[in-house]
Amino acid sequence: MDNTTYIALSRMDAEQRAMSVLANNLANGSTAGFKSGHIQFADYLSKLKGGSHAPGENPEVYVQDRATYRDFTQGALQQTGNPLDIAITGEGFFSVMTTQGVRLTRNGRFQRLSDGRVADASGNSLLDRTGQPVTLRPQDRTISISSDGTMSTENGVAAEIGLVRVANNYDLHGEGNELFKADTPTTQMEVKEFRQGMLEGSNVNMMSETTNLVELQRDFQITANLVESESTRRQNAIDKLTQTQS
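Residues numbered from 1 in each chain as written. Predicted model: local features only at pLDDT ≥ 70, side-chain atom pairs only at ≥ 80, totals over all residues. Heavy atoms only, no water.

**Some words on the overall build of the protein chain**
Within the protein chain one finds 2 helices and 18 strands. Put simply, the protein chain has 246 residues, and 37% of those count as buried. Of the contacts made within the protein chain by residues no fewer than 6 positions apart, 64% connect residues no fewer than 24 positions apart. Carbon together with sulfur atoms contributes 50% to the accessible area of the protein chain, which is approximately 14000 Å² in total. (Helix = DSSP H or I, 4+ residues; strand = E, 2+ residues; numbered from the N terminus. Buried < 20%, exposed > 50% of the residue type's maximum accessible area, 1.4 Å probe, protein only. Contact = heavy atoms within 4.5 Å. Areas by Shrake-Rupley, 256 points an atom, 1.4 Å probe, with all protein chains shown as cover.)

Structure representation (structure tokens):
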């Protein structure tokens, strides 16, 4: 296999990864609080023995997938009317307790469990500003959440919903499509802006992502055709050499 094929395959590998990320974005276009993923590409120049290229010779440039990162811009707010749907306006994350520990999320679709805990769709408890599960009493019926996260019922204040920030959002590690793990300590935000009865929608631009996916698929096919034609060319050359020697 010659260098032309290796270079083309490196491009196909990176494009295949990018198509997977784009497809995941499109699949989560309606997932509350979803943050779209993107691929960071870079060129890799092959190192030749001797440390320099011959006059007029071009370096061999390979494509490599350096990283996948999330776009943390806010999605549009959607009115739901459900009292335990909570949208965050601005920065910050909800904290939820999972079986693996505390995780962060922007998905504010919560529910009341039979034991009174307020939890996400997976049963992970929403945490208050002290790191304790937000819990409603059996006699609590009417739920009101103020913009600063104070949750009240007809029986008084039930909890103060926590909102945390991290030093750098790009240091967060995604777990699934909704949860993030923070490798550095989080801090509680003093200024909070919640909206009860609303959800933050996905920030995926469906039209743009669809266009990008189509372009990537077309480019992938062109590169695949190049690899196939190179393979045919080499095989023809081998056949001619074999015939000549015989």
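Next comes the rest of the description.
**Re the sheet that holds strand β11 (residues 150-153)**
In spatial order, the strands read β10-β11-β12; together these 3 strands make up an open sheet with antiparallel pairing. Each edge of the sheet is formed by a strand with only one pairing partner; in this case those strands are β10 (144-145) and β12 (156-160). Looking at chain direction, β11 and β12 are connected through 4 bridges and run antiparallel. Residue pairing for β12: Thr153 is matched across the bridge by Gly156. (Pairing = 2+ DSSP bridges.)

**Here's the deal with the layout of surface pockets**
Rolling a probe over the atoms, with the probe sized like a water molecule, indicates the empty space that remains. Volume-wise, the largest pocket comes out at about 280 Å³. Considering the residues around the largest pocket, the lining is formed by 17 residues, among which Arg17, Gly37, Thr68, Tyr69 and Arg70 are closest to the centre. When contributions to the lining of the largest pocket are tallied by element, the ones reaching two or more residues are α1 (3-27) and β2 (61-70). Here the lining of the largest pocket takes 5 residues from α1, the largest share from any one element. Its residues assigned to classes, the lining of the largest pocket comprises 7 nonpolar, 8 polar and 2 charged. Structurally, the lining of the largest pocket is a two-domain feature, drawing no fewer than three residues from each of domain 1 (2-49 + 56-69 + 214-244) and domain 2 (76-201). (1 Å grid on protein atoms, 1.4 Å probe; cavity = no way out; pocket = protein on both sides within 12 Å on 5 of 7 lines; lining within 4 Å. Points joined across faces, edges and corners; volume = space filled by probe spheres on them. Nonpolar A, V, L, I, M, F, W, Y, C, P; charged D, E, K, R; others polar. Domains from an automatic or database assignment.)

**Here's the deal with the nonpolar core**
Ranked by size, the top nonpolar core spans 19 residues in total, and within it Phe94, Phe110, Met151 and Ile161 carry the most contacts. Only β4 (86-88) and β5 (94-98) provide two or more residues apiece to this core. Counting 12 residues, the second largest nonpolar core, distinct from the first, contains Met12, Val21, Leu213 and Val227. (Core = buried A, V, L, I, M, F, W, Y, C linked by side-chain atoms within 4.5 Å.)

**Quick look at the side chain of Asn203**
Note on placement: Asn203 falls in the loop between β18 (198-200) and α2 (206-245). Here the side chain of Asn203 touches Asp71 through a polar contact of 2.8 Å, landing on its backbone oxygen. Asn203 has contacts with Phe34, Lys35, Ser36, Asp71, Phe72, Thr73, Gln74 and Gly75, leaving out every residue within four places of it along the chain. (Polar contact = N/O pair within 3.5 Å; in protein donor to acceptor, adjacent residues only side chain to side chain.)

**Some thoughts on the side chain of Arg70**
Take Arg70: it is sitting in strand β2. No salt bridge is formed by the buried Arg70, whose closest oppositely charged neighbour, Glu209, lies at an N-O distance of 10 Å. From its side chain, Arg70 meets the backbone oxygen of Lys35 in a polar contact 2.7 Å long. Of note is the side chain of Arg70, whose polar atom sits 3.4 Å from the backbone oxygen of Gly176. The contact partners of Arg70, leaving out residues within four places of it in the chain, are Phe34, Lys35, Ser36, Gly37, Tyr170, Gly174, Gly176 and Phe180. (Lys, Arg positive; Asp, Glu negative; His and termini not counted. Salt bridge = Lys/Arg side-chain N within 4 Å of Asp/Glu carboxyl O.)

**Brief notes about the packing of aromatic side chains**
A full pass over the atoms with the stated rule returns 6 aromatic pairs. Seen from their ring centres, Phe72 and Phe93 are 6.0 Å apart, and the 85 degrees between their planes marks the pair as edge-to-face. Here Phe72, found in the loop between β2 and β3 (77-79), pairs with Phe93, found in the loop between β4 and β5; they are 21 residues apart in sequence, far enough to count as distant. For the pair Phe72 and Phe93, one class covers both residues: buried. Considering the side-chain rings of Phe93 and Phe180, the 6.2 Å spacing of their centres and the 65 degrees angle between planes classify their relative orientation as edge-to-face. Here Phe93, found in the loop between β4 and β5, pairs with Phe180, found in strand β15 (residues 179-181); they are 87 residues apart in sequence, far enough to count as distant. (Phe/Tyr/Trp six-rings, centres within 6.5 Å; stacked < 30°, edge-to-face > 60°.)

**As for the pattern of salt bridges**
What the rule picks out here adds up to 10 salt bridges. A salt bridge links Arg165 to Glu91; the shortest N-O distance between them is 3.3 Å. Of this pair, Arg165 sits in strand β13 (residues 164-165) while Glu91 sits in the loop between β4 and β5, and the two are 74 residues apart along the sequence. The closest approach of N and O atoms between Asp140 and Arg137, which form a salt bridge, is 3.0 Å. Residue classification places Asp140 among the buried residues on the basis of a relative accessible area of 0%. By relative accessible area, Arg137 is classed as partly exposed at 29%. Residues joined by salt bridges that share partners form a network here, namely Arg129, Glu160, Glu190 and Lys192.

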